[in-house]
Amino acid sequence: MSQISQLLPPENVVLDLEASSKKRVFEHAGLVFENNQGVARSTVFDSLFSREKLGSTGLGRGIAIPHGRIKGLKKACGAFIRLATPIPFDSPDGEPVSLLFVLLVPEQATEQHLQILSELAERFSERSCREALAAARDAEAVRQTFA
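Residues numbered from 1 in each chain as written. Predicted model: local features only at pLDDT ≥ 70, side-chain atom pairs only at ≥ 80, totals over all residues. Heavy atoms only, no water.

Direction vectors running N to C along helix 5 (residues 127-135) and helix 6 (residues 139-146) enclose 170°, while the axes themselves pass 9 Å from each other. Between helix 5 and helix 6, the interaxial angle falls into the category roughly antiparallel. On helix 6, the residues touching Cys129, Ala132 and Leu133 of helix 5 are Val142, Thr145 and Phe146. The residue inventory of the contact of helix 5 with helix 6, partitioned by class, reads five nonpolar, one polar and no charged. (Axes fitted to C-alpha atoms, helices over the stretch in contact; angles between N-to-C directions. Helix = DSSP H or I, 4+ residues; strand = E, 2+ residues; numbered from the N terminus. Parallel < 35°, antiparallel > 145°, perpendicular 65-115°, else oblique. Contact = heavy atoms within 4.5 Å. Nonpolar A, V, L, I, M, F, W, Y, C, P; charged D, E, K, R; others polar.)

Have a look at this one:
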C-alpha cells in the first residue's frame, strides 16, 4: 500500500463538492479534518491559506496539492476533494482545478512532507491516475487509485 493511501481514510474523500473559490475549498477541508481527525477547522484553514500566500499549490492539468504544517499533529493526514465545477487556482498553466489532495503534516515533518508531496506529484502526472480520479464513483475507488 502506498504512503498516500495510508494517510487517506475513506471519510476524508469528498466527491463533487460545490465550491466557488480556494477559500471555500479550504473551509470545507477544515470541516473534514475537524470532524474526522479532531484538528480545529480554523487551524487547518489558516495553515492552508498562509501556505497558499507563498505561491499557488496548483500543479497544472486541473490538479492542486494544498498543504500545511500543523502544530501538535501526531502524523501526516490527507483528504482528497473532487470539485463539481473547476475553480481558478493560479496554476502555472492557467487551468482551473477540480482535483485536490489536501495534506497536513506535523510542524517538524520536513523529510516525510517532501516525500509525500513528491509521490503525489508523481501520481498526478500520470494521465491514467487523473482520469481514474475524475471518474471515481466512491471513496474506495479513489483510495484504490492511490494504492
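Now, onward.
Let us now look at the nonpolar core. Ranked by internal contacts, the top residues of the largest apolar core, which has 25 residues, are Val25, Phe33, Ile81, Leu83, Leu100 and Leu104. For this core, the elements supplying multiple residues, two or more each, are strand 1 (13-17), helix 2 (22-37), helix 3 (41-53), strand 5 (77-87) and strand 6 (97-106). Those residues within four positions of valine 25 in sequence are excluded, and the remaining contacts are Ala19, Ile81, Leu83, Ile87 and Leu100. In this structure, Ala76, Phe101, Leu103 and Leu120 belong to the second largest nonpolar core, which totals 23 residues. (Core = buried A, V, L, I, M, F, W, Y, C linked by side-chain atoms within 4.5 Å. Buried < 20%, exposed > 50% of the residue type's maximum accessible area, 1.4 Å probe, protein only.)

Right, let's get into the environment of threonine 85. Tracing the backbone shows threonine 85 in strand 5. Given the relative accessible area of 45%, threonine 85 is considered partly exposed. C-alpha of threonine 85 to C-alpha of aspartate 16: the two residues are 69 residues apart in sequence and 7.8 Å apart in space. What threonine 85 contacts, discounting residues up to four positions off in sequence, is Glu18 and Ala19.

Right, let's talk about helix 4 (residues 110-124) for a bit. Every α-helical turn comprises 3.6 residues, leaving residues that sit three or four positions apart pointing alike. Compared with the 21 Å implied by 1.5 Å per residue over 15 residues, the 21 Å span of helix 4 between its first and last C-alpha is a close match. Buried within helix 4 are the following residues: His113, Ile116, Leu117, Leu120, Arg123 and Phe124. Angularly, the buried residues of helix 4 cover 130° about the axis, an arc narrow enough to put them on a single face. Along helix 4, exposed side chains directed more than 90 degrees from the buried face belong to Glu111, Leu114 and Glu122. (Expected span 1.5 Å × (residues − 1). Arc of directions from axis to C-beta.)

The buried fraction of strand 6 is high, at ten of ten residues. The pairing of strand 3 (residues 63-64) with strand 6 spans two bridges and is parallel. When the sheet's bridge partners are listed, isoleucine 63 is paired in strand 6 with leucine 99. Where strand 4 (residues 67-70) meets strand 6, four bridges bridge the pair, whose relative direction is parallel. Its bridge partner being in strand 6, histidine 67 is matched across the sheet by leucine 103. (Pairing = 2+ DSSP bridges.)

For the rest of this paragraph, the subject is the packing of aromatic side chains. Evaluated as defined, the whole model comprises six aromatic pairs. Relative to phenylalanine 49, the ring of phenylalanine 26 lies with its centre 6.3 Å away and its plane at 85°, an arrangement referred to as edge-to-face. On the criterion of sequence distance, the pair formed by phenylalanine 26 in helix 2 and phenylalanine 49 in helix 3 is long-range, its members being 23 residues apart. The class for phenylalanine 49 is partly exposed, based on a relative accessible area of 31%. Grouping aromatic residues by their ring pairs yields a cluster made of Phe26, Phe45, Phe49 and Phe89. (Phe/Tyr/Trp six-rings, centres within 6.5 Å; stacked < 30°, edge-to-face > 60°.)

This next bit is on the environment of proline 66. Within the secondary structure layout, proline 66 lies in the loop between strand 3 and strand 4. Between the alpha carbons of proline 66 and serine 47 there is a distance of 9.6 Å; along the sequence they are 19 residues apart. Excluding its chain neighbours within four sequence positions, the residues that come into contact with proline 66 are Phe26, Leu48, Thr57, Phe89, Leu100, Phe101, Val102 and Leu103.

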